[in-house]
Structure formats: structure tokens, C-alpha cells
Amino acid sequence: MADQYLNFATSGFGKTLTKQLGLPAPVTLRRYREGAALVPGAILVVGTSALAAEVGELLLAWGQEVRTHDAGNATLGAIVAVLDEVRAPGDLSAPALTMAPALRKLAPGGRVVTISRPASDDDAPALAAARQGVTGLLRSLAHELRGGATGNGIELADGIGLDAPSAQGALRFLLSGRSAYVDGQFIRVDGAGGALPADADRPLAGKVAVVTGAARGIGAAITRVLHRDGATVVAVDVPAAGDALAKVANEVGGTALQLDVTARDAGTKIIEHATGRHGALDIVIHNAGITRDKLLVNMDAAKWDSVMAVNLESQLRMNEAFLAAGLPGLRLVSLASTSGIAGNRGQTNYGASKAGVIGMVGASARAFGALGGGINAVAPGFIETEMTAKIPFGTRAAGRLILPSLQQGGLPLDVAEAISFLASDAAGGINGRTLRVCGQSLIGA
Amino acid sequence: MRETLSAKPRLGALYASAAPRALRRVREVSPDRLPRREAFVEGVRCRPEQLVAYQRLMGDTVRDELPSVLMHGLGFPLALWLLSRPDFPLPLLGLVHLRNEVRHLRPVRPDEVLSVSASAEELRAHHAGTTVTVRTRLFVGEEPVWEGLSLYLAKGVRLAGIEVPPAPRREPLVPPATTARWRLDASTGRRFAAVLGDYNPIHLSALSAKALGLKAPIAHGMYLAGRALAQCAPHGRGYAWEIEFATPVFLPGTVEVNRSSGPGGVVRFSGWNQRSLKPHFAGAVSRL
Amino acid sequence: MASSPSPRRAVIIGGNRLPFARANGAYVGASNQDMLTAALDGLVARFGLQGERLGAVAAGAVLKHSRDFNLSRESVLGTALDPSTPAYDVQMACATGLEAIGSLADKIKLGQIESGIGGGVDTISDAPIALSDGARAGMLALGRARSLKDRMAAVASLRPRDLAPSAPGTNEPRTGLSMGEHQALTTQRWGITREAQDELAAASHRNLAAAYDRGFFDDLLTPYRGLSKDNNLRADSTVDKLAKLKPAFGKHLGDEASMTAGNSTPLTDGASAVLLGSEAFAAEHSLPVLADFVDYELGAVDFVSGEEGLLMAPAYAVPRLLARNGLSLQDFDFYEIHEAFAGTVLSTLKAWEDPEFCSERLGLDAPLGSIDRSKLNVAGSSLAAGHPFAATGGRIVATLAKLLHEKGSGRGLISVCAAGGQGVVAILEAR
């Protein structure tokens, strides 16, 4: 699981050698620790709109050191560019050039966050051009950041202000160490629903969450993070993984439910267990997934069908049961993959299933939203797990080192952090979306 | 004639003294040749470690009660002393143990001091030779607590003037159900000898047994009786028991054992070889 | 006394066991403590008992190292349970698990505890090998020796043959006969045919395989060391295949020998645990209730004298249990009769049908009668699953409790025979 190269490249001798050989120089990412500062320095708020002022006030209220216009001598922990009022392409120039000198003061593990409005086909062409332009600016800037710093954006739908819990939730998530491996991405806030947690370190307090595929890898990490964030977790995995599952469940003080998610009654069993034993079902993480990689030319029905059955069809069937049960406020997060966005050689079955998840999430949003909940997906890029350990070495090394802006593979924890955020009430205004956790991998653009 | 010994004789010495005469062939004895002699010894005790070793060897519970076969062993040196007197007519080595009848009159504590009396009582004709009965009695003070008759056979020795009785017809053995099985290893004879001091060479090793014309060492008859009684004998009361030996148990070997209860509280036991279907022993225990 | 009503119920909440593994196979190297800990931890995970202080954990093993004198307590300390959960060891040969569970149920009914886990474990693959008696005596003497002379004497008392280790046997100490040899006598006594035994064995495999297929064990079992099913299970077992096996016990019976490796349980490694509680405990913890543990009864027979078969004690204990509970043998929806050997089950059933046995041995006016065989061991039993001695009781109780809960009503009878001529029988009722 450990990234040997990362350990090597960050050691004293390895660092010198890596530099001389011109190899990528990955750094240890700034990850969330309870009690740590939200960002590693002052926050520069760029922008002149009313929203920019509100953002500054909010950050002050969060106890942050806030600068406007000029960073001065301060080391910057983050730059927040509020671009909600760009009307034409020319409006991007001033904020971009204001940010430019500040970038030199950005601390390792720093953050650049843009807050803008999404472009729409109903916009005037110039407005749409300016709004869409933000994405290109941000994504390119993210590629330029070093030292584990990331650049991400928040797109607030028209009419959504900073008072929307998810606007604040997304901002806190992107600034914090929880978003360590999220890079070059936009979080779209469409609704004003949701609620901010009473305790930012326990955003899932009182929630009952089900995690499928919880015995190992990303699922185990999700289970641990949801527990850390305050949830009671039902850990689900196939009976054959029961021993590892029991360990995870005991570690987090949850319950283990041995269940094949492809079973007809899997959804009902999950509802029965969660409500019967824990009194509620608030969160479902559809994490269970398998790979059966083969070039399509060599593909057989067993490999194709089993991947579709586990990764996609089981989720569809369980979701029907959840909807039928009418569980109020149920939030779901499905595991997609960058392979479902950009495709991956040897993964036609897997790519189809994961692209399918993205489609399913979008099309299920309204139904779950009607119950006061929502459904989103997280698309991990290259994550160091037992499953990715099966990828041939050359592909793996390239996936891990060369392609992402962050020059390293992510950890299961990084995926789990994004999932925990999307599962929380603070993400109540985010629905039907897919968030990539890929270190800004070129795979899938 | 009572001959009181100052101390219990040592079995090893008796066997050694008998060895030279083992080569002496006796073909015939006269019925009246048996010396009228009662051997007597006082101050016989069972050592506590001997009691424990015996009970362990028999798979019995260690408890403060002298087992009947152990009491036989306490008296046996005196009996052997009798049989090894120069004027005893039958050769000691090679005597075959045929049967025992014992009345164990009351439970005997290990700390009770015993006196032993032994006498050879009768020579009788047997189809294979001549038998002698040895009566052994154990007393606590004047009170008899244990009385036993042991029947030994001197093979090939004729009793002068008495017709040899015909050999009884032996019915083929129809084995009863096996209720226990004893697996006896090669050291069984040595271990029994170590506890009771009965180092008769026929029990000790392949070599010593061969020297006396046996194909392998054989289990002590009293070992077999002890095993049977460990299972069948009552505790805390007097009882009578008997055992008859048919064919020897060669070591190492396996004995099939049956135990069954009859009317009047009689427990019968028997042992046999399952492969050859030869009976080894049969006996019974009854309450007194 | 007899008329005083039971103050409250003891309920079975659920169970967990490791897949049973044939000896010297998948679980080589795993100790009793390792396996019992794993079984307990799986149960804790299933019911979210982490950090919970239970009333007691009672478990045991038949083959036990001396270092495992506190096996249950040591296992508890290795689990996610609150370390202030007390634990005690139980040993009643193959009935260890059922006696452990029954004793906990009694404590719950009496109000002494609110919850408990009962179970057992056994491994043949990590069985204790002891010093021979001679070596032990010498070593102990050496330990007691105070002077050089005593020490020298103790060392001198050791003989080379003493150094050969002695492995524990499964032979009965008082008879020297193996359990199989004892059962062969009983099997012959009751005239149980080879065909009948093979049919029972095939049914056991068939039923266990079907139970696995329908996911019955999904919440009764936690995989261990790469095994997620009992590896003695032969789903394709048939009477024809079983008929080809050679007799393994009672060979002296010649043509009458009928007991084979196929209709006798193999030596097996495994562990099981059952969670019991008061109704209040289950309700407070939002835990399911599968069945009531109604009552149980111990029995023993005089097999040393040859008066009765070694494994026939349940035949005597069941009528006493039935009488106490005012039930007949036919008042049950499931019968779980531990398949030590196919012959054991069939001899017991035949004895209950036999007027002479029931009158003379059981003192009954009429025979107990026959049972509906379609209700017997419906999710398989020891012939298919295997029989890690002390773990079998927990397997049976959890299986029966779930069967009853699935059915939603009715009663089940458990019968477990044990070495030493003993047995434990129990009644469960659906919830």
C-alpha cells in the first residue's frame, strides 16, 4: 500500500537523486488532522464583488487570517478568487493578475479556490465565455502549482449565495486537508438545502451509514473516515471477506453485515439491518466493486457480466429498494472511476460500469432529492490499493507518477474524505454530480 | 513347621539362587515330597511411592486403599522363598501361573503393618504336568485381611503313581463384545517388575525370555489381573475374586477385554487375542 | 420447586463460527486461543458489541494445552469486548459448547447476568503434545530437588524412552477403545445397516450444501485463514460413492462392519460462539431475538461396564427433558442430533422406537416413538460440517435458532453425545 517511490523521493538521499535524474518530485500531501489549522497560512481573498466581501467575513468568522488585494509579507495558506461577477472575458484579467504574484507566497499544501457561476447555454455568449473561462484558468493554474498545493473551484448556480450550507461546506472542504488529492476540479452547488455541522470535526455525528465493500482498500478507509467524522457504520462485504470485515467493524465500533450486494434482497437486508439495529439509515456508500480486466478482444461473458452486476446493476437495484422505503434525507455516494470518464485500456467492462454509475447518479438525483437527500459519485484516479496493485507495473508507475499534477497516487483515505464530505449534510445542495479525486490526472482530462 | 523370616526376602536374589537349578530337569515327583512348611514374616509395609506407582501403572485412581493384586505382590516374595527352597520338588523357573482365588476380606490402609504367611499345600496331576497350590495369607495383627490361593504348573513333570488326566477339550472361542482394549507395549513387563520387584526374566525382555524358551516376553499374570481389578473391583469393602490364565499375552500385544455384570453383583471379565481368537484369561469379582 | 415458573427467558440473539477445517489442513498453526478469539471477534462485529461488558463468556476446548488454563478469559482479552467481561472455561468433551451455552442461559434466567457468549473451540492441528509420565515425574522431581544429590538422582531417573512425547488420544481412558470402536459396538447392537448410515451421511452433505447455497450461513459464519466454507463438505456426495468406502471401525465384525470414514465425522479444527441475553438486553441493544433457550438436561451412561453404548447418554437425557417440559418426542419442528457417527444418530432414534429399551432402560410405559425424518438435521450436521469437539454445540445452537426464527414458530430439540458416556440435550423455541 505504501508508495515506495514517494518514501524514497522524499528522503534526503532520494531527494537529491530524484532531482538530478529529472524525475518528478512528489511531496507528502497536506492531509486532514483533527485540530490542525484549516490552511497553512493566511488566506488572500481576490475579487471585488459583494460575494467576495462575504467570503472574507466568513473566513474571518472561521478564525482565519484574511488578506484582500495584497498578500503583503504573509505566507499564504490559500488564495480564494471570487469571480461570480465576471460578465465578459476581459473581466478575468484583473483577478488573474492579482493572483499571479501571490502564488509565490503560497505555502506547501496551499490551496487556490475559485468561486464562480457555471456557464449555461441560456447565458449570453460573452457571459458564458467568461464563466467557462474560469474553468480553464483554474485547471491550468492547478497544473502549475507545486508542493502539494491544489487548485479547485466552486460553481454556485445562479441564485445560490454563500449562505447556502453547501457553498460554505464546499469551501471548507476544498481549503482543508480533506481535499488533499482533489485537484483541478469543480464542485457545483445547485441547491440551498443542507445544513452545516455543529462540530466541523464531527460532520456526521448521529448518522447511520452503510458502506459496501468495506472489508478492505478504499471501503475500509471510507468506513474509518465516516466513523472518525461521527457516523455509526454498518460495514458490508461479501461473506467470503467476513474476517477482514469483522476487523474493520470492530475497529470502528460498527456492525458487520456479510452480504453479497448482487443478491436480489440486498437493499432490503441493508435497510432492515440499519434501521433494526441502529434505528435509521442516513447514508449509503456504494463502494463495492470489482475489476476483471481484459482487452475487449479477449473478453468473455463471465468477466463482462460480473463487473456490470457488482459495480452497477447492484447499485441500481439497491437504490430502488431505498427509494421504495422512502428513507428521508438519505444521502448516497457511489464509486465511479476516472476509467469511466476517460476510459482505460483493458477496462471496457469496468469503464462501462463506472461511466454507468455517473449516468445513474445524475438520473437518480431528482428522486433522492425529493426525499430530502441526494446522490453523488466520486471518481478516484490512481489510488494505491490491493486492486490497483494488480495493474502491470509500467502502467502503474506511469499512472502514479507522471500523469497527475500532484505527481503521486492517492491514498484510499483521500477518496474517503471526499465521500465523507459528499455524504454529509453540508453537501445537501450538491446532487447528481461526480467529483474526481485524481490528483488532477490527465486521464479523463 | 513355621519358619519365621527376619525380613521379607528379595525376589531378585531368589530368582538368582534358583537359576542354577533351572537347568536341572525334573521328570517326576512323588506326591508326598512337598515339605510341610509355613513361611512367616512380620513388619511388611507398602511404601507410599510403591502404592502410587502401582495405581498409576494400572490406570487406577490413587487412593489410600491397598489394591488386592498389590497385596498379592507384598506376599509373593515369601511364596517365592518357599518355592525356591532346595527341598522344594518343582523347578522354580518355568513354573506357569494357572489361576488365583482371593478373598480380600476388608479394605486395607497403606499405613497398616502386615504379617504374611505362605505355605505350599498340594501337588496335583495336570494333563501337562504337575501343579502346586500356594496359600498366602496377610494379617493385620491377628486379623486376617487377605487370603489367596495360587496355582502353578510345572510342565512336563509327572506326579509319580498318579494317572495323567486327559486334556480338557477346548471349545473354539466365540469372543464376546469388546468393551475395552489394552495395548501393551514392550516395556509392560519391566514396568510391572519395577513396581513389584518381580524380575522374572520371562517378563523382562526379548532376550531374557528367549533364554527361557519363549518367543517373546510375556505379561505378568498378576499385571493382567491388576488391570482387570482396577476396572472391576469395588472400593471400601471386602470382595472375592478369581482369575484363570489360558494362554500367555506376548509383549508387545493387544488384549481385547470384555466386562459384563451378572446376577448377584458378580462382574465377569475376560481377555483374548482377537487375531488368533485365543483366550488369555477369564475371571470374576463378587462381593463378600 | 418444580412448579415455580422460570422467572424470565434466556434468548438466543445470534451466533458465529469459523468454517470447520479438516485437521492438519487450512488451520495448521492456529491455536485454540487464536481461533476462539476470531470466532468471538466475528460475533462482536456482527452485533456491534465492541467495548461492551458482557455478563460472562463461557467456552472451552477438549484438547487443551496447559498454558490455555484460562483459555476463555485470554481469548476475551484479545477481542474488542470490554476487558472487564469475565470468562470461564467449560469442559464436557464434545458437549462442552452446549453445556457452556446452557449454563449461561441458566444464569440469565436467574437474573445473575444479562448477556453472555457461550461456545467452544478445538484444534487437532495444534493439539498439545505432553511429556511422557516418566519424563514428567523426573522433571517434577528435579524441580523439587534441594540438594545436588537429589538433583542428580532426579536426572538419573530419566530414561531415554521417557523422552518420547505422548500425544493425546481420542481413546476412552478407561477402555482403551476409540470412540469409533465403541460406536461400532452400539451400531451392531442396534442392527444399523451400512446403507442407512450412508444415507444419513449423504443427506448431511446434501443439506449442508443446500444451506450454503441459499446463503443460510451468511450471518452465522466468519471466514478464517482463506476458508469461507467447511472444507469437509462434499456437495456431490452420494450413497453410491459412500458405499465404496472401506470400514474404518469395528473391523473385527468382518462383513458386519459398517462404519466408514464417510459415515463417521473426521477430525476437525474450528470454533463457534453464540450470543445469549435476557429479553431486556436484546431490546436495549436493538438486537434480534432468534429463539428462546427453553431448557436443557445432562445425561451419562455406564459404558465402562459395557452395560450401555458410549454415545447413548442422550437417549436417556431426552425423555427426562421431555417429561419436565410436558412434551412428546413428536412435538418438535426440527431435530438437531449431533452426527458423531451416522450410527449414533440411528441407534438413538431406534432406541426411542424400541418398546423394550424404553420400558427397561428408560422406565417408560410406551416407547418415545419415531420422528419425522424430514425434520432431522435439515441444514446439515457434523458428518458434513465436521466436528471440532467443543465447537459443535455452538454450531448446532446457532443453526437451530436461525432455522426456528426463519420458520417463525415451533420448537427444536438438540442432542449432543460426548466422550465419557455423557450427553447434553436441549430445547429451543422459535421467536
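Residues numbered from 1 in each chain as written. Chains lettered and ligands numbered in written order. Predicted model: local features only at pLDDT ≥ 70, side-chain atom pairs only at ≥ 80, totals over all residues. Heavy atoms only, no water.

Let us now look at the state of the cysteines. Residues and elements named next belong to chain C. Tallied over the full model, the rule gives 0 disulfides over all chains. Cys417 carries a free sulfur, and the closest cysteine sulfur to it, the one in Cys94, is 6.5 Å from it. Since its relative accessible area comes to 3%, Cys417 is described here as buried. (Disulfide = S-S within 2.5 Å. Buried < 20%, exposed > 50% of the residue type's maximum accessible area, 1.4 Å probe, protein only.)

All names here are of chain A. Taken together, the 7 strands give an open sheet; going across it, the order is E9-E8-E7-E10-E11-E12-E13, and neighbouring strands pair in parallel fashion. Among the strands making up the open sheet, the edge pair consists of strand E9 (255–258) and strand E13 (434–437). The mean inter-strand angle of the sheet, taken between neighbouring strand axes irrespective of direction, is 20°. Note that strand E12 (residues 374–380) and E13 share 4 bridges and pair parallel. Directly across from Ala379, in E13, lies its bridge partner Arg436. This element, helix H9 (residues 266–278), spans strand E7 (208–212), strand E8 (232–237) and E9 of the sheet and lies at about 155° to E9. (Pairing = 2+ DSSP bridges. Helix = DSSP H or I, 4+ residues; strand = E, 2+ residues; numbered from the N terminus. Axes fitted to C-alpha atoms, helices over the stretch in contact; angles between N-to-C directions. Contact = heavy atoms within 4.5 Å.)

Take the arrangement of the chains next. Between all 2 pairs of chains that are in contact, chains A and C come out with the most contacts. Chain A makes no contact with chain B; the smallest distance between any of their C-alpha atoms is 44 Å.

Residues and elements named next belong to chain B. One open sheet holds the 11 strands; their spatial order is E1-E3-E5-E6-E7-E4-E10-E13-E12-E11-E9, and the pairing between them is mixed. Every other strand in the sheet has two partners, leaving strand E1 (2–5) and strand E9 (180–184) as the edge strands with one partner each. For this sheet the average axis-to-axis angle between neighbouring strands, irrespective of direction, equals 20°. With 5 bridges connecting them, E9 and strand E11 (residues 253–261) associate as antiparallel partners.

Moving on: the packing of helix H3 (residues 96–109) of chain C against helix H14 (residues 392–407) of chain C. Residue and element names in this part refer to chain C. H14 packs onto H3 with a crossing angle of 60° between their chain directions and a minimal axis gap of 5 Å. Put simply, H3 runs oblique to H14. For the pair H3 and H14, contact is made by Gly97, Leu98 and Ile101 and by Gly393, Gly394 and Val397, respectively. Each residue belonging to the contact of H3 with H14 can be placed in one class, and the counts come to 3 nonpolar, 3 polar and no charged. (Parallel < 35°, antiparallel > 145°, perpendicular 65-115°, else oblique. Nonpolar A, V, L, I, M, F, W, Y, C, P; charged D, E, K, R; others polar.)

Let us look at the domain arrangement of chain A. Residue and element names in this part refer to chain A. Taken domain by domain, chain A comprises domain 1 (37–189) and domain 2 (208–437). Distance from the C-alpha centre of domain 1 to the C-alpha centre of domain 2: 29 Å. Taken together, the contact between domain 1 and domain 2 spans 20 residues of the former and 24 residues of the latter. Summing both sides of the interface, domain 1 and domain 2 together bury roughly 1800 Å²; the carbon and sulfur share of this comes to 58%. Sorting the residues of domain 1 by area buried against domain 2 places Arg178, Tyr181 and Arg188 first, and these three jointly supply 42% of that buried surface. The tally of links from domain 1 across to domain 2 stands at 2 salt bridges. Notably, a salt bridge pairs Arg178 with Glu417, separated by 3.5 Å at the nearest N-O pair. Linking domain 1 with domain 2 are 7 residue pairs in polar contact (both at pLDDT 80 or more). (Domains from an automatic or database assignment. Buried area = accessible area lost by both parts, 1.4 Å probe. Salt bridge = Lys/Arg side-chain N within 4 Å of Asp/Glu carboxyl O. Polar contact = N/O pair within 3.5 Å; in protein donor to acceptor, adjacent residues only side chain to side chain.)

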